[in-house]
Amino acid sequence: MKSIEDIKQAIRDVPDFPHKGILFKDITPVLQNAALFGATVHHLCESVRDLRADAIAGIEARGFIFAAAVADRLNCGFVPIRKPGKLPAKVHQESYTLEYGTDSVEMHQDAVAPGSAVVLMDDLLATGGTALASTRLIEKTGVRLIAVRFLIELDFLKGRDKLSAYAMQSLIHF
Ligand code: AMP
C-alpha cells in the first residue's frame with residue numbers, strides 16, 4: 001500500500017493556474033496511477049470508517065472523485081454539492097464571498113434523510129470559503145454533519161480557522 005507521503009510526492013505544482021500568482025496543486029498524477037489513486041481512497045476511508053456515516057457529500061468537481069469512491073467502499077450514499085443551476089430538483093443554496101464577487105453552492109433538499117450522519121469531503125482546503133458554505137448548506141437540510149475531510153490542506157491560507165466548529169482533518173499538508 002502506498003503511503004500518504006508517496007501520494008504527497010506525486011502531487012504536481014502548476015504555477016500561475018488558473019490565475020497569475022496561484023500555485024495549483026494538480027492531483028491528476030495521483031489519479032492516473034492505480035496504486036496511488038487506490039491508496040488515496042484507502043487512506044480517506046480509514047479516516048472516516050469508524051464514524052459510520054450514512055452519506056459522503058462531495059464538492060464539485062474534484063471532490064466528487066474521492067467522495068464517490070469512499071462512499072462506494074464504505075457502503076454509504078454519495079451526495080453531490082454543485083455549482084448553481086446544475087441540480088435538477090429542489091435545492092438549498094448557500095452563497096460565499098470570493099476575492100472578486102460571490103459564488104454559491106447547491107444541494108438537493110431531499111438528498112439525505114433528516115437525522116442522517118454526513119461527512120463532507122473535498123480534494124483541497126485553501127481559504128475555506130467553499131467548505132464553510134458547504135457545511136452551512138448541509139446543515140440547512142437538517143442532517144448531522146459529523147466530519148469534514150480533505151486530501152490536501154494549504155496550511156498558510158488558514159482555512160482551518162473557518163471550520164473550527166467541525167471535526168476536520170486533512171491527509172496532506174503544504
Ligand atoms: P477555498 O474556498 O479557497 O478553500 O478553495 C477551495 C476550492 O478551490 C477547492 O475545491 C479546490 O479544489 C480549489 N483550489 C483552491 N486553491 C487551489 C490550489 N492552489 N490548487 C488546487 N485547487 C485549489
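Rules used in this analysis
- Residues numbered from 1 in each chain as written.
- Predicted model: local features only at pLDDT ≥ 70, side-chain atom pairs only at ≥ 80, totals over all residues.
- Heavy atoms only, no water.
- Helix = DSSP H or I, 4+ residues; strand = E, 2+ residues; numbered from the N terminus.
- Expected span 1.5 Å × (residues − 1).
- Buried < 20%, exposed > 50% of the residue type's maximum accessible area, 1.4 Å probe, protein only.
- Contact = heavy atoms within 4.5 Å.
- Polar contact = N/O pair within 3.5 Å; in protein donor to acceptor, adjacent residues only side chain to side chain.
- Near = heavy atom within 4 Å.
- Areas by Shrake-Rupley, 256 points an atom, 1.4 Å probe, with all protein chains shown as cover.
- 1 Å grid on protein atoms, 1.4 Å probe; cavity = no way out; pocket = protein on both sides within 12 Å on 5 of 7 lines; lining within 4 Å.
- Sits in = over half its atoms within 2 Å of the grid points.
- Nonpolar A, V, L, I, M, F, W, Y, C, P; charged D, E, K, R; others polar.
- Core = buried A, V, L, I, M, F, W, Y, C linked by side-chain atoms within 4.5 Å.

Trainee: How should helix α3 (residues 34-48) be read in this particular structure?
Mentor: Each turn of an α-helix holds 3.6 residues, which means side chains three or four residues apart point in the same direction. Compared with the 21 Å implied by 1.5 Å per residue over 15 residues, the 22 Å span of α3 between its first and last C-alpha is a close match. For α3, the complete set of buried residues consists of Leu-36, Ala-39, Thr-40, Val-41, His-43, Leu-44, Cys-45, Ser-47 and Val-48. Each element contacted by the buried residues of α3 is listed here: α1 (4-10), α2 (28-31), α4 (62-73), β7 (117-125), β8 (144-153) and β9 (168-173). Its side-chain oxygen placed 3.0 Å from the backbone nitrogen of Ala-35, Asn-33 serves as the N-cap of α3.

Trainee: Explanation requested: helix α5 (residues 129-140) in the structure shown.
Mentor: The end-to-end C-alpha distance of α5, which contains 12 residues, comes to 17 Å, matching closely the 16 Å that a straight helix rising 1.5 Å per residue would cover. The complete set of buried residues in α5 reads Gly-129, Ala-131, Leu-132, Ala-133, Ser-134, Thr-135, Leu-137 and Ile-138. Buried residues in α5 make contact with β3 (55-59), β4 (77-81), β5 (91-97), β6 (102-108), β7 and β8. In the segment just after α5, Gly-142 is the residue with positive phi, at about 80°.

Trainee: Any chance you could explain the site of the ligand here in plain terms?
Mentor: Near the ligand there are 13 residues, and of these Arg-62, Asp-122, Thr-127, Gly-128 and Thr-130 occur at the shortest range. Between Leu-23 and the ligand, the recorded distance is 3.0 Å, taken from a backbone N or O atom to a nitrogen atom. One of the backbone N or O atoms of Gly-128 is found 2.7 Å from an oxygen atom in the ligand. Considered on its own, the ligand offers 490 Å² of accessible surface; in the complex 82% of this is hidden by protein. According to the grid-proximity analysis, the pocket containing the ligand is the largest pocket. Of the residues that constitute the shell around the ligand, the class distribution is 5 nonpolar, 4 polar and 4 charged.

Trainee: I would appreciate a short explanation of the side chain of Glu-94 in the present structure.
Mentor: In this fold, Glu-94 is placed in strand β5. Excluding residues within four positions of it along the chain, Glu-94 makes contact with Asp-103, Ser-104, Val-105, Ala-133, Arg-136, Leu-137 and Lys-140.

Trainee: Is there a simple way to think about the nonpolar core in this case?
Mentor: The nonpolar side chains of a soluble globular protein tend to be buried, and buried together. Formed by 27 residues in total, the largest nonpolar core has its most connected members in Ile-56, Val-70, Val-119, Met-121, Leu-151, Ile-152 and Ile-172. Those elements that provide at least two residues to this core are α1, α3, α4, β7, β8 and β9. For this core, the leading source of residues is α3, giving 6 residues. Apart from the residues within four sequence positions on either side, Ile-152 is in contact with Ile-11, Lys-25, Ile-27, Asp-123, Leu-124, Leu-125, Ser-170, Ile-172 and Phe-174. Residues Met-107, Ala-133, Ile-138 and Val-148 belong to the second largest nonpolar core, which totals 24 residues.

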